Each structure stands twice: as structure tokens, then as C-alpha cells.
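Fold and geometry: a report
This is what each chain is made of:
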Amino acid sequence: MKPAAFGYQRPETLAQALTAYAAASDAKVLAGGQSLTPLLSMRLASVSELIDINGIRELSTITVTESGVRFGATVRHGELLADPDVAAVQPMIPAALQHVAHPTIRNRGTTVGSIVHADASGEMPTVFALLDGVLTVQSVRGTREISAPDLFLGALESSLAPDEIATEAFVPALPARHGIAFDEIARRHGDYALCGVGAVVALAPDGGVESVRAGYVSVSDVPTVVDLTEVFSDGHLSETSLQAAGELALSRLEPGADVHATAHYRAQLVRVLTSRVVRAAHDDAVERSNRAE
Ligand SMILES: Cc1cc2nc3c(=O)[nH]c(=O)nc-3n(C[C@H](O)[C@H](O)[C@H](O)COP(=O)(O)OP(=O)(O)OC[C@H]3O[C@@H](n4cnc5c(N)ncnc54)[C@H](O)[C@@H]3O)c2cc1C
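Residues numbered from 1 in each chain as written. Predicted model: local features only at pLDDT ≥ 70, side-chain atom pairs only at ≥ 80, totals over all residues. Heavy atoms only, no water.

Another aspect to go through is the overall build of the protein chain. Looking only at helices and strands, the protein chain has eleven helices and 14 strands in total. Expressed along its principal axes, the backbone C-alpha trace of the protein chain runs to roughly 60 × 45 × 30 Å. Here the protein chain holds 293 residues, and the buried ones make up 52% of them. Across the protein chain, contacts joining residues at least 24 apart in sequence account for 60% of those joining residues at least 6 apart. (Helix = DSSP H or I, 4+ residues; strand = E, 2+ residues; numbered from the N terminus. Buried < 20%, exposed > 50% of the residue type's maximum accessible area, 1.4 Å probe, protein only. Contact = heavy atoms within 4.5 Å.)

Once that is clear, we can look at the domain arrangement of the protein chain. Under the domain assignment, the protein chain is made up of domain 1 (7-52), domain 2 (63-172) and domain 3 (178-292). Measuring from the centre of the C-alpha atoms in domain 1 to the corresponding centre in domain 3 gives 36 Å. (Domains from an automatic or database assignment.)

Attention shifts here to helix α8 (residues 123-130). Across the eight residues of α8, eight count as buried, placing the element largely inside the fold. For α8, every residue scored as buried is listed here: E123, M124, P125, T126, V127, F128, A129 and L130. Two residues or fewer past α8, D132 is found with a positive phi of approximately 60°.

Turning our attention to the pattern of salt bridges. Within this structure, the stated rule accounts for twelve salt bridges. Salt-bridge contacts for R10 lead to D52; the nearest nitrogen and oxygen are separated by 3.2 Å. Residue R10 is found in the loop between β1 (7-9) and α1 (14-23), and its partner D52 is found in strand β3 (residues 49-52); the two are separated by 42 residues along the sequence. Judged by its relative accessible area of 46%, R10 is partly exposed. Given the relative accessible area of 4%, D52 is considered buried. (Salt bridge = Lys/Arg side-chain N within 4 Å of Asp/Glu carboxyl O.)

The subject of this paragraph is the packing of helix α10 (residues 239-251) against helix α11 (residues 263-292). Interaxial distance between α10 and α11 falls to 8 Å at its minimum, and their mutual angle equals 135°. Taken as axis vectors, α10 and α11 run oblique relative to one another. Helix-helix and strand crossings are classified by hand; for α10 and α11 the assignment is right-handed. Residues E239, L242, A245, G246, E247, A249 and L250 of α10 form the contact with α11, whose participating residues are A267, V270, R271, T274, S275, V278 and R279. (Axes fitted to C-alpha atoms, helices over the stretch in contact; angles between N-to-C directions. Parallel < 35°, antiparallel > 145°, perpendicular 65-115°, else oblique. Left-handed = near helix turned anticlockwise from the far one by under 90°.)

The local shell around the ligand holds 30 residues, among which V29, G33, L36, T110 and E123 are the closest. At 2.6 Å from an oxygen atom of the ligand is found a main-chain nitrogen or oxygen belonging to V29. In the environment of the ligand, an oxygen atom lies 2.8 Å from a nitrogen or oxygen atom belonging to the backbone of G32. With the chains in place, 89% of the 970 Å² that the ligand exposes on its own is no longer accessible. Of all elements in the fold, only β2 (27-30), α7 (111-117) and β10 (165-172) reach the threshold of two or more residues within the shell around the ligand. Here the shell around the ligand gets four residues from one element, more than from any other, and that element is α7. (Near = heavy atom within 4 Å. Polar contact = N/O pair within 3.5 Å; in protein donor to acceptor, adjacent residues only side chain to side chain. Areas by Shrake-Rupley, 256 points an atom, 1.4 Å probe, with all protein chains shown as cover.)

This part covers the environment of V197. Examined against the element boundaries, V197 turns out to sit in strand β12 (residues 195-203). You can call V197 buried: its relative accessible area is 0%. Along the backbone, V197 and V278 are 81 residues apart, and their C-alpha atoms lie at a distance of 9.0 Å. In this structure V197 touches A181, F182, D183, A214, G215, Y216, L273, T274 and V277, once residues within four positions along its chain are discounted.

This is the structure:
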């Protein structure tokens, strides 16, 4: 199918884009187009105007500092994945990005676009929530920052106003004595996950478990983070505590059924992946702590 007719603008500055976006009713931002174009082509969505932000050079930068990673709205998944400085400061980003689609899609799709699209089956909205990311959005009315808990309102629904363009995202660095892991089960590598889990484990100075948080993909309507710390309250990681972590996660999620998996199977994936990923994040934290000494 072909999309319904729409207008198209390709501004060269952010100021031009914001003005055009504010002036047009029922317009949408075109970033990588990897989610929007199929929706338009299948006529599941229609727009009066597309505001293509790909010509705006100021949105294309990646800045890595000790405090974290800041990336602009036209930075592609593939660029972030390939950047060794990003991996050094926040290894969760490449750990999750390698599961996002295939190289051709990662070369066009933007990570900010994926976050704004707010698909709970996407890896990066969940990672953004798990890592307490902050999104910067601008309109002709000004600039504001949105933290992850305030961004994801519902299925494919973010809290951006109709005239706001997301200009960049910031993800904090991985602190000392922390470790990460991400894993998912998909029918084929690169497909959307049937279930995906990312975990961050923090160790206390004595090496015991201090905190455990996990983010879940494809098992709820919105990207969901569950604090699993309570089941590791004695500071130890054991088979029993890992199993309890899976049950705790499941109590906070609503795995659903679709043509690819039953709800029962997805629930089992939550259990198995929680245990596997938390263990791996703990091992990663131990290894990083040992290396730092
Ligand atoms: C075959 C296929 C497989 C895929 N597999 C996966 C997968 O496994 N995991 C995964 O996470 N994703 C997957 N994707 C989606 C891919 O990651 C997209 O790139 C991403 O979801 C959206 O990014 P985009 O830059 O392409 O956004 P677009 O498609 O351009 O935009 C998506 C939506 O966000 C809005 N938007 C985008 N950028 C901005 C902005 N800066 N400000 C305001 N609004 C904005 C648009 O208006 C639109 O509504 C897949 C896509 C395809 C086609």
C-alpha cells in the first residue's frame, strides 16, 4: 500500500523545524522513519505534514563525559552501538542495542526516535527507563526535560506535546561497583523480543548485593522497571533469591498473548531471563569492581 498524501518539509535548523512544527496541524516528525514509514504506508497512521529533522546538523552529535552519554535526535542506533566511548561509560547501551532489529534498520533508525515512539516492545525505551534517562524536548514555547517515569504514558504514548520535538537524550554513566546485563528471547535474532530483560546490580563496599533493578521488554504496555532489591536483602545472591526475583518481577508485570507466544510462555521467560540476567549483571559488577581495585 501507499501512504495517503502528505506535505513534506526538510528544515536545516532546529529553529526552522520548531516553527514549522508549531504552524502545521496534525504533523509528525520524521527521524529514521523505521517505525513511522511502515505505519503511514499501511495507512495505520496519516499526517498532514512530515517535518524531516535529518538535515539539522545540531541534532547529530554524541557527547560522552564521565557523567554519561548525551545523544542527539538524529543519532542512529548503529552509531551509538559502534562508539567505544559510549560502551566504556554506559555498557548497557550497546548490550541492548545489539538486539535492536538488523544492521540496515539500525543504520537508519534513531535511538531518540525509538524512545519517543514509546513501544514497550522496543529495547531502548526500557533501557532509558532502567538507567533513569532524561529527554530534552523543545518547542517554540521553550525547552523542558522529561525523566523516564514522566515520559511513558501508555502503549505507544509519550508525554510530548503535539508541538514538541525531542532534541536529545541523556543517559547517566554506570557508577562504580555496578554491573549490567541484557538478554532477550526472540523468534529470530533481530526480531522484536518475546521477552527481554536488562538488569543493573550494585554492590556494597563489602561486596554484598546493595541493589538490583531490572527493566522488561514486551511484557507490559509501557516500559517497566522493577526494583528487585528486597529479595537480596541479606546481600547474597543464591538460586533461591534469583528464583524469588523472577516471581517478584512477574507480580509487577502483565505478560500478554499474541500470535508468537502465549501469556504462560512469556511469564516463564520473565522467570528464566530475570534469573539469568541478574546473575550475569552481578558477575559483571564483581568483575568491574575487581578490575577497579
Ligand atoms: C523490520 C523492523 C524491525 C524492527 N525491530 C526492532 C527491534 O527489534 N527493536 C526495536 O526497538 N525497534 C525495532 N524496530 C524499530 C526501530 O528501532 C525504529 O528505528 C525506532 O522504533 C524508531 O526510530 P526512528 O528514528 O525510525 O523513528 P521514526 O520512525 O522516524 O518515528 C517514530 C515515531 O516517533 C516520532 N519521533 C521520532 N523522532 C522524534 C523526535 N525527535 N521528536 C518528536 N517525535 C519524534 C515520529 O513522529 C513517529 O511518531 C524495527 C523496525 C523495523 C522496520
